[in-house]
Amino acid sequence: MIRLENVSKSFYKGATAINAVRDMSLTIERHEIVAVIGPSGCGKSTLLNMIAGLYAPTRGQIVYKGAAIADVNTDVGYMTQKDNLLPWRSVRDNVAFPLELAGVPKAERARRANEVIQHVGLGGFEDRFPNELSGGMRKRACLGRMLLYGAETALLDEPFAALDAQLKLAMHDLMLRLVSENKQTVVLVTHDLMEAVTLADRVLVCTRRPATVAMEQRIDLARPRDVLNIRFSSAFKEHYDALWERLRLEYHEERV
Amino acid sequence: MSAPELKTNQAAFEAEPALAHVPLRPTGGMTMAASQLALGVAVLLIWQGASGRLVDSFFISNPIDIGARLYRWTVDGSIFAHIGATLYATAMGFIIGSAGGALLGVWLGVSPFASRLLNPYLNALNALPKVALAPLFVLWFGLGIESKIALAAVLVLFLVFLNTFAGVREVDQDLIDGARLMRATRAQVILKVVIPSAMSWVFAGLKIAMPYALIGAVLGEMIAANRGLGYLVQFSGSQFDTAGVFAVLFVIALLAVALNYLVDLIQGRMERWRVVSR
């Protein structure tokens, strides 16, 4: 589905190069949920930007469904920590935005948007503006918009990092439900190991900048997962400990 | 800059917000309105008293004469023709100038090549005192209302253009990327993301530009015209008619306040999402 072939990315600040990603190769299967975890600022977001086609790799290439990505990748839905709702549009008009861009008639897009808004638990807030909503509600609106767009791949860049712990769990539950309903492929970037193990089929540990894959762990916990209690199972703890053993090295080195 | 100087500056800087926090005795809206009215009346009384006693009334006239003049112009209807002419030139100049400025701002904002190409020329034109173009407009458009419209439009155009351009440049790149990922065409990105996002900047420009439209119209009328408030103030002055000059100034001030209020009203309606956020 998504294949990175020796991908490197450098940014240039004047004459000095900043290497964000170095020689990364990996394959993501269809319908797989892959979490990429690593220290903050390690180049994980750059990875997603490249899969979205917003940045071109400096070296190597990214193949999406058999073709190298050359332009903006419109098969993906991209959700960032910042929610990117259009502040001058109501929740309904934000959620319906992809349909509006596709030229769907007004009545139909309002109907479908209302449905999705109910589905993500935002019923009653259709006419509110984004800055009247809480952080969690804005995330729900973003998920709704992505759902309506019908993206086959979801790129999630620390989407729930700004939420409190309880809200995060509710969003995890909602997200897993939506992803399985819509059979999406997910690339989740996070610095929260608990989140990564709870959600993913496979967790990749990234090194500090320039990012490259240091470790790969398959998470064979049964689905559907109970996001509230799964963390107390012994299998979860094993995965968590194994990943943390590798991940802490990145943080340890940082301190020295 | 020496160290002590820096310190004083900082102290001065901090003094201002501190002053704002001094708890004032809460003043009700009615009390404030009454005080404002009282202040106005007091000034008028002092003016009336000083005129002819402390200061030659040739220079400052007096409120009663000015009021009488306004009353006469209103009753015989002559002032309305002048207001009409000025208002028309202001409105047309404002509309043409802001449409042109907004279009130019959006166009250059989304075309890096064109904006870099035109940059030095636009800077030069912007630095030029637009008022100096007035003789040219008289030559081109004649003594009629068109030359006043042109002067008002040019003043408005640059102000709206600069604000729109800045607004378009300030648009959050993430919002643009988000729309492109949802298959937005370039035209859709401009129409549905860039322009709405720049709207509050455009409005800021319109608000600044509104008084300038009036300035352009009045100035145009002062240079060459046979009607309009600018003509009337110029004519009264040349007749050594101080009361007439003050009367026209009063009308122009009223007009300016009304126009500003209008822009506020429109902005409030169009930017509900910003207002409700408080």
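Residues numbered from 1 in each chain as written. Chains lettered and ligands numbered in written order. Predicted model: local features only at pLDDT ≥ 70, side-chain atom pairs only at ≥ 80, totals over all residues.

1. Overview of the overall build of chain B
Check the secondary structure of chain B and you find 13 helices and zero strands. The order of helices and strands in chain B, counted from the N terminus, is α-α-α-α-α-α-α-α-α-α-α-α-α. Every one of the 278 residues in chain B was classed for burial, and the buried ones make up 34%. When contacts within chain B are restricted to residue pairs at least 6 apart in sequence, long-range pairs at least 24 apart make up 73% of them. (Helix = DSSP H or I, 4+ residues; strand = E, 2+ residues; numbered from the N terminus. Buried ≥ 20, exposed ≤ 12 C-beta atoms within 10 Å, placed from the backbone. Contact = placed C-beta atoms within 7 Å.)

2. Some details on the overall build of chain A
A tally of regular secondary structure across chain A gives eight helices and ten strands. The C-alpha radius of gyration of chain A comes to 19 Å, within 12% of the 18 Å expected for a compact globule of 256 residues. Seen through its principal axes, chain A has C-alpha atoms that stretch 55 × 45 × 35 Å. Residue burial in chain A is summarised as follows: out of 256 residues, 44% are buried. (Rg over C-alpha atoms; globule rule 2.2 N^0.38 Å.)

3. Remarks on the sheet that holds strand E3 (residues 33-37) of chain A
Residues and elements named next belong to chain A. An order of E6-E7-E8-E3-E9-E10 is seen for the six strands of this open sheet, with the pairing classed as mixed. Sheet topology places strand E6 (76-80) and strand E10 (213-218) at the edges, where each strand pairs with a single neighbour. Within the sheet, the average angular offset between the axes of one strand and its neighbour, ignoring direction, is 15°. In this structure, E6 lies alongside strand E7 (residues 153-157), joined through five bridges in parallel fashion. If you follow Tyr-78 over to E7, its bridge partner there is Leu-155. (Pairing = 2+ DSSP bridges. Axes fitted to C-alpha atoms, helices over the stretch in contact; angles between N-to-C directions.)

4. Considerations on the interface of chain B and chain A
Interface size is commonly expressed as the accessible area that is lost once the parts come together. Each partner contributes to the interface: chain B provides 15 residues, whereas chain A provides 20 residues. The element best represented in the side of chain B that touches chain A is helix H9 (residues 173-181) of chain B, accounting for six residues. Taken together, the residues that form the side of chain B that touches chain A break down as eight nonpolar, three polar and four charged. (Nonpolar A, V, L, I, M, F, W, Y, C, P; charged D, E, K, R; others polar.)

5. Section: the pairing of E10(A)
On a regular strand, each side chain points to the face opposite its neighbour's, so the side chains alternate between the two faces of the sheet. Residue and element names in this part refer to chain A. The sheet contact formed by strand E9 (residues 202-206) and E10 spans five bridges and is antiparallel. Paired with Leu-204 across the strands is Glu-216, a residue of E10. If you look at the hairpin formed by E9 and E10, you'll find six residues sitting between the two strands.

6. So, the sheet that holds strand E2 (residues 16-28) of chain A
Residue and element names in this part refer to chain A. Pairing in this open sheet of four strands is antiparallel, and the strands run E2-E1-E4-E5 from one edge to the other. Looking at strand neighbours, the two that pair on one side only are E2 and strand E5 (67-68), the edges of this open sheet. Relative to E2, strand E1 (residues 2-13) runs antiparallel, the two being bridged by nine bridges. Each residue of the ladder has a partner; that of Ser-10, found in E2, is Asn-19. Packing against the sheet, helix H1 (residues 44-51) makes contact with E1, E2 and strand E4 (59-64), and its axis sits at approximately 115° to E1.

7. Thoughts on the environment of Gln61(A)
Residues and elements named next belong to chain A. With respect to the helices and strands, the residue Gln-61 is situated in strand E4. Residue Gln-61 is classed as partly exposed on the basis of its 15 C-beta neighbours within 10 Å. As for Gln-61 and Asn-6, which are separated by 55 residues in sequence, their C-alpha atoms are 7.0 Å apart. With near-sequence residues (within four places) excluded, Gln-61 lies in contact with Glu-5 and Ala-68.

8. A closer look at the confidence of the model for chain B
Residue and element names in this part refer to chain B. Across chain B, pLDDT averages 86, with 87% of residues at or above 70. Averaged pLDDT values over the elements of chain B bottom out at 40 in helix H1 (residues 3-20) and peak at 94 in helix H5 (residues 78-110). A low-confidence stretch, residues 1-20 stays under pLDDT 50, and its non-local contacts, those more than four residues away or across chains, total one contact. If you check the scores for this complex, the pTM reads 0.76 and the ipTM reads 0.84. (pLDDT = per-residue confidence, 0-100.)

9. Observations concerning helix H11 (residues 229-238) of chain B
Helical periodicity: at 3.6 residues per turn, an α-helix aligns residues three or four positions apart in one direction. By the burial criterion, the buried members of H11(B) are Leu229(B), Gly230(B), Tyr231(B), Leu232(B), Val233(B) and Gln234(B). Positive backbone phi, at 55°, marks Phe240(B), one or two positions downstream of H11(B).

10. A closer look at the environment of Gln48(B)
All names here are of chain B. Within the fold, Gln-48 resides in helix H2 (residues 29-50). The sequence separation of Gln-48 and Ile-60 amounts to twelve residues, and the corresponding C-alpha distance is 9.5 Å. Those residues in contact with Gln-48 that sit more than four places away from it in its chain are Asn-62, Pro-63 and Ile-64.

11. A few points about the packing of helix H5 (residues 135-149) of chain A against helix H6 (residues 165-182) of chain A
All names here are of chain A. Contact pair H5 / H6: the axes reach a minimum separation of 11 Å and the direction vectors enclose 5°. Between H5 and H6, the angle falls in the class roughly parallel. In this structure, H5 contributes Gly-136, Lys-139, Leu-143 and Leu-147 to the contact, and H6 contributes Leu-167, Met-171, Leu-174, Met-175, Leu-178 and Asn-182. The residue inventory of the contact of H5 with H6, partitioned by class, reads seven nonpolar, two polar and one charged. (Parallel < 35°, antiparallel > 145°, perpendicular 65-115°, else oblique.)

12. Here we look at the environment of Leu136(B)
Inspection of the secondary structure puts Leu136(B) in helix H7 (residues 134-141). In sequence terms Leu136(B) and Val233(B) are 97 residues apart; their C-alpha atoms lie 22 Å from each other.

13. A closer look at the packing of helix H8 (residues 145-169) of chain B against helix H10 (residues 186-223) of chain B
All names here are of chain B. Between H8 and H10, the least distance of the axes is 7 Å, while the angle of their chain directions is 155°. Considering the angle they form, H8 stands roughly antiparallel to H10. Pair H8 / H10 crosses with right-handed handedness. Partitioning the contact of H8 with H10 into residue classes produces 22 nonpolar, seven polar and two charged. (Left-handed = near helix turned anticlockwise from the far one by under 90°.)

14. A word on unusual backbone geometry
The phi dihedral of Lys183(A) is positive, around 50°, even though this residue is not glycine. Tracing the chain through its elements places Lys183(A) in the loop between H6 and strand E8 (185-190). Positive phi, normally seen in glycine, also occurs at Ser61(B), with a value near 50°. Among the secondary structure elements, Ser61(B) is positioned in the loop between helix H3 (57-60) and helix H4 (63-76).

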